[in-house]
Amino acid sequence: KSFFSILLLILVVILSVVATFKYIERFVSVSYFGKALTASTVPEAENAISKALTLYENDLYLRAYAQIYLVKLNSLVPKDATVTPSDADKALLQSSLDQVISGSRMATAYNPKNYINFQALGSVYQSLASLGVKDTYNKAVLSYQNASKLNPLNPRLKLAMAGVLFVDGKVQEAKDYANAALSLKPDYLDALITLSQIAKSEGDDASALSYAQTALSLSPTNADLIKYIDSLKNFGAVSASTSDIKKKYE
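In what follows, the accompanying structure is described.

Definitions and limits used
- Residues numbered from 1 in each chain as written.
- Predicted model: local features only at pLDDT ≥ 70, side-chain atom pairs only at ≥ 80, totals over all residues.
- Heavy atoms only, no water.
- Helix = DSSP H or I, 4+ residues; strand = E, 2+ residues; numbered from the N terminus.
- Buried < 20%, exposed > 50% of the residue type's maximum accessible area, 1.4 Å probe, protein only.
- Contact = heavy atoms within 4.5 Å.
- Areas by Shrake-Rupley, 256 points an atom, 1.4 Å probe, with all protein chains shown as cover.
- Core = buried A, V, L, I, M, F, W, Y, C linked by side-chain atoms within 4.5 Å.
- Salt bridge = Lys/Arg side-chain N within 4 Å of Asp/Glu carboxyl O.
- Phe/Tyr/Trp six-rings, centres within 6.5 Å; stacked < 30°, edge-to-face > 60°.
- Expected span 1.5 Å × (residues − 1).
- Polar contact = N/O pair within 3.5 Å; in protein donor to acceptor, adjacent residues only side chain to side chain.
- Axes fitted to C-alpha atoms, helices over the stretch in contact; angles between N-to-C directions.
- Parallel < 35°, antiparallel > 145°, perpendicular 65-115°, else oblique.
- Left-handed = near helix turned anticlockwise from the far one by under 90°.

**Quick word on the overall build of the chain**
Of the regular secondary structure elements, the chain holds 11 helices and zero strands. Classification of the 250 residues of the chain by burial places 33% in the buried group. Long-range pairs, those at least 24 residues apart, make up 50% of the contacts in the chain with a sequence separation of at least 6. As presented, the chain carries roughly 15,100 Å² of accessible surface, and 60% of it is formed by carbon and sulfur atoms.

**Details of the nonpolar core**
Ile49 and Leu128 are the most contacted members of the largest nonpolar core, which totals 36 residues. Sorting the residues of this core by element identifies α1 (2-38), α2 (42-55), α3 (59-76), α4 (87-110), α5 (115-130), α6 (137-150) and α7 (155-167) as the ones contributing at least two each. In terms of residue count, the dominant contributor to this core is α3 (eight residues). Contact partners of leucine 128, with chain neighbours within four places excluded, come to Leu70, Leu73, Leu97, Ile101, Val133 and Thr136. Ala199, Ala215, Ile229 and Leu232 belong to the second largest nonpolar core, which has 18 residues in total.

**What to know about the pattern of salt bridges**
Per the stated rule, a full pass over the model turns up five salt bridges. One salt bridge connects arginine 63 with aspartate 59, and the closest N-O pair in it is separated by 3.9 Å. Taken together, the positions of arginine 63 and aspartate 59, both in helix α3 and four residues apart, correspond to about one turn of that helix. Here the two residues arginine 63 and aspartate 59 agree in accessibility, since each one is buried. For lysine 185, the salt bridge is made with aspartate 187, and the minimal N-O distance between the two is 3.2 Å. Residue aspartate 187 is classed as partly exposed on the basis of its relative accessible area, which comes to 41%.

**Description of the packing of aromatic side chains**
Enumeration over the complete set of coordinates arrives at three aromatic pairs. Centre to centre, the rings of phenylalanine 33 and tyrosine 61 are 4.6 Å apart; their planes meet at 20°, and the pair counts as stacked. Taken together, the residues span a long stretch of sequence, with phenylalanine 33 in helix α1 and tyrosine 61 in helix α3 at a distance of 28 residues. A single burial state applies to phenylalanine 33 and to tyrosine 61, both of which are buried. Taken together, a centroid distance of 6.1 Å and an interplanar angle of 80° make the contact between tyrosine 56 and tyrosine 61 edge-to-face. The class for tyrosine 61 is buried, based on a relative accessible area of 4%. Taken together, the ring pairs connect Phe33, Tyr56 and Tyr61 into an aromatic cluster.

**Some points on α4**
Between its terminal C-alpha atoms α4 stretches 34 Å, which fits the 34 Å expected from 24 residues at 1.5 Å a residue. For α4, every residue scored as buried is listed here: Leu93, Ser96, Leu97, Val100, Ile101, Gly103, Ser104, Ala107 and Thr108. Buried positions along α4 lie against α3 and α5.

**Observations regarding the environment of leucine 165**
Considering the arrangement of structural elements, one finds leucine 165 in helix α7. Given the relative accessible area of 4%, leucine 165 is considered buried. Each C-alpha atom, one on leucine 165 and one on tyrosine 177, is 9.0 Å from the other, the two residues being 12 residues apart in sequence. When residues no more than four places from it in sequence are discounted, the contact partners of leucine 165 are Val141, Lys170, Glu173, Ala174 and Tyr177.

**Here's the deal with α3**
At 3.6 residues per turn, the α-helix brings residues three or four places apart onto the same side. A rise of 1.5 Å per residue sets the reference length of α3, with its 18 residues, at 26 Å; its end C-alpha atoms lie 26 Å apart and thus fit the reference within 8%. Its side-chain oxygen placed 3.0 Å from the backbone nitrogen of leucine 60, asparagine 58 serves as the N-cap of α3.

**Considering the packing of helix α9 (residues 189-201) against helix α10 (residues 205-218)**
The interhelical angle for the contact between α9 and α10, taken along N-to-C directions, is 165°, at an axis separation of 7 Å. Considering their axes alone, α9 and α10 lie roughly antiparallel with respect to each other. Once α9 is placed against α10, the crossing between them reads as left-handed. In this structure, α9 contributes Leu189, Leu192, Ile193, Leu195, Ser196, Ala199 and Lys200 to the contact, and α10 contributes Ser207, Ala208, Tyr211, Ala212, Thr214, Ala215 and Leu218.

Structural data, given as structure tokens:
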């Protein structure tokens, strides 16, 4: 009995030490995570988030990891389109791109029930699409759709899909998702502005102005909205004038 009691006591001590060690690792990882968020340079942020993940891997840290490498990727992309990157620069670009996608996907794999992980993945693909990375628009929409399935009443996810589809030239689908966002949140300014921009792209100046004015009624002191409405009115006036001139000479 004494032997088994001592053995049990030893096992309890070992488990307690392991649990304590894991707790300390998690506690220390928070410090590194904070350093990653407040780092003044990308290399500092890379180093800190890598140490945090080594100590404690979770979806929050993985999302931060992806964002840090996205910032790095943006800094590496040539600002002048005529400049051809060297082989070393191309390798670094590809490596950063892989890290961005890997971190985002690992976050969704770590916790596939957290809609924020899929929302972040969609945002990453959307950013990559704006950088010209191929086949990322559809992946962005699919990621946002997965996020929306987990959080169907979130209007931001519907509008995010509308934004991606609009840029990708799928106007009707973009309009449907923007309207879905507005139905979930009738006072959603961003949804009204998106619908206004879609209407403007279709040449429907009256609807574009109507959506914008509705938005302004919800935020009457919004200087950006006032400027936007003025630009729509001026554009409409110019379009009407151009139309009159064409009719005169037809």
